[in-house]
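# Notes for the structure review
Listed below are the residues making up each chain.
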Amino acid sequence: MEGTVNLATVCLNLYEDIEGKHWDSQHRIKPLPRDNAFVKEVVLKKYIYHALYTAICELIGNYYNDSEQVVVSTYQTGILVLGLDVSFGELLEVCREESDKLQIQKSRLGLALAFLRLEQVKIEQLYEGDGEGIGFALLNREL
């Protein structure tokens, strides 16, 4: 997926790709595009989409809580993942920036987060009505 698409399409495609990867497991995942995601256009670069997909799959694989449902949602100009047992501090341990250098744990999650950070996708912990989640803020720029 690349080119100009709306944010809701990015959210729904991520959900479908993730669901395809986790179809045989007990993970409960649902998409939730909201606000004006169906009219917000973004230009999607192929590698950013793949890094988002990899990061979200690794987050689900490492931090899934059986009692929670994972929600892949939209917010402003980004993607939000709710229902994981992970703190932003734990993510900082996987990929941390010190003295303008990235220190990455040897993992797919660390590499995906590092690539997203280098492409200036802001990764943050957000608090929504449904709880806390990890957000990937795309900052009104090409994805």
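This text follows the structure it describes.
Below, the structure is looked at part by part. (Residues numbered from 1 in each chain as written. Predicted model: local features only at pLDDT ≥ 70, side-chain atom pairs only at ≥ 80, totals over all residues. Heavy atoms only, no water.)

Helix and strand content of the protein chain: four helices and nine strands. The N-to-C order of helical and strand elements in the protein chain reads β-α-β-β-α-β-β-α-β-β-α-β-β. For 143 residues, the compact-globule formula gives about 15 Å, and the C-alpha radius of gyration of the protein chain, at 14 Å, lands near that figure. Taken along its principal axes, the extent of the C-alpha atoms in the protein chain is 40 × 35 × 30 Å. Here the protein chain holds 143 residues, and 45% of them are scored as buried. The contacts of the protein chain with a sequence gap of at least 6 include a subset with a gap of at least 24, amounting to 65%. Summed over all atoms, the accessible surface of the protein chain reaches about 7600 Å², with 46% contributed by carbon and sulfur. Averaged over its 14 positive side-chain charges, the protein chain has a centre that lies 5 Å from the centre of its 22 negative ones. (Helix = DSSP H or I, 4+ residues; strand = E, 2+ residues; numbered from the N terminus. Rg over C-alpha atoms; globule rule 2.2 N^0.38 Å. Buried < 20%, exposed > 50% of the residue type's maximum accessible area, 1.4 Å probe, protein only. Contact = heavy atoms within 4.5 Å. Areas by Shrake-Rupley, 256 points an atom, 1.4 Å probe, with all protein chains shown as cover. Lys, Arg positive; Asp, Glu negative; His and termini not counted. Charge placed at Lys NZ, Arg CZ, Asp CG, Glu CD.)

This part takes up the packing of helix 1 (residues 7-21) against helix 2 (residues 46-63). Packing of helix 1 against helix 2 brings their axes to within 10 Å, and their N-to-C directions diverge by 50°. Classified by the angle between their axes, helix 1 and helix 2 sit oblique to one another. Of the two possible hands of crossing, helix 1 and helix 2 adopt the one that is right-handed. On the side of helix 1, the interface is formed by Val-10, Asn-13, Leu-14, Asp-17, Ile-18 and Lys-21, while helix 2 contributes Tyr-49, Leu-52, Tyr-53, Ile-56, Cys-57 and Ile-60. The residue makeup of the contact of helix 1 with helix 2, split by class, is nine nonpolar, one polar and two charged. (Axes fitted to C-alpha atoms, helices over the stretch in contact; angles between N-to-C directions. Parallel < 35°, antiparallel > 145°, perpendicular 65-115°, else oblique. Left-handed = near helix turned anticlockwise from the far one by under 90°. Nonpolar A, V, L, I, M, F, W, Y, C, P; charged D, E, K, R; others polar.)

Along the polypeptide, Ile-104 turns up in strand 7 (residues 101-104). Linking Ile-104 and Leu-32, residues 72 residues apart in sequence, is a C-alpha distance of 31 Å.

Of all the positions in helix 4 (residues 108-118), only Leu-109, Gly-110, Ala-112, Leu-113, Ala-114 and Leu-116 are classed as buried. At the exit of helix 4 stands Gln-120, carrying a positive phi of roughly 65°.

So, on to helix 1. With 15 residues, helix 1 should cover 21 Å at 1.5 Å per step; its first-to-last C-alpha distance of 21 Å lies within 8% of that length. Summarising the contacts, the buried residues of helix 1 are in contact with strand 1 (3-6), strand 2 (29-32), strand 3 (41-44), helix 2, strand 4 (70-75) and strand 5 (78-82). A distance of 3.1 Å separates the backbone nitrogen of Ala-8 from a side-chain oxygen at the start of helix 1, and that oxygen is part of Asn-6. (Expected span 1.5 Å × (residues − 1). Polar contact = N/O pair within 3.5 Å; in protein donor to acceptor, adjacent residues only side chain to side chain.)

Glancing now at the packing of helix 2 against helix 4. It is at 9 Å that the axes of helix 2 and helix 4 come closest, and there the two elements cross at 140°. Considering the relative orientation of helix 2 and helix 4, their crossing is left-handed. Residues Tyr-47, Ile-48, Ala-51, Leu-52, Thr-54, Ala-55, Glu-58, Leu-59, Asn-62 and Tyr-63 of helix 2 form the contact with helix 4, whose own contacting residues are Arg-108, Leu-109, Ala-112, Leu-113, Phe-115 and Leu-116. Of the residues belonging to the contact of helix 2 with helix 4, the class tally is twelve nonpolar, two polar and two charged.

By size, the foremost hydrophobic cluster in this structure holds 42 residues, and its most contacted members are Leu-113, Leu-116 and Phe-136. Contact partners of Leu-116, with chain neighbours within four places excluded, come to Ile-48, Ala-51, Leu-52, Ala-55, Val-121, Ile-123 and Phe-136. The next biggest cluster of nonpolar side chains, apart from the first, holds six residues, and it includes Val-71, Tyr-75, Leu-80 and Ala-137. (Core = buried A, V, L, I, M, F, W, Y, C linked by side-chain atoms within 4.5 Å.)

Among the structural elements, Thr-74 can be located in strand 4. Looking at Thr-74, its side chain comes within polar contact range of the main-chain nitrogen of Arg-34, at 2.9 Å. Every residue in contact with Thr-74, bar those within four places of it in the chain, is listed here: Leu-7, Cys-11, Leu-32, Pro-33, Arg-34, Ala-37 and Ile-79.

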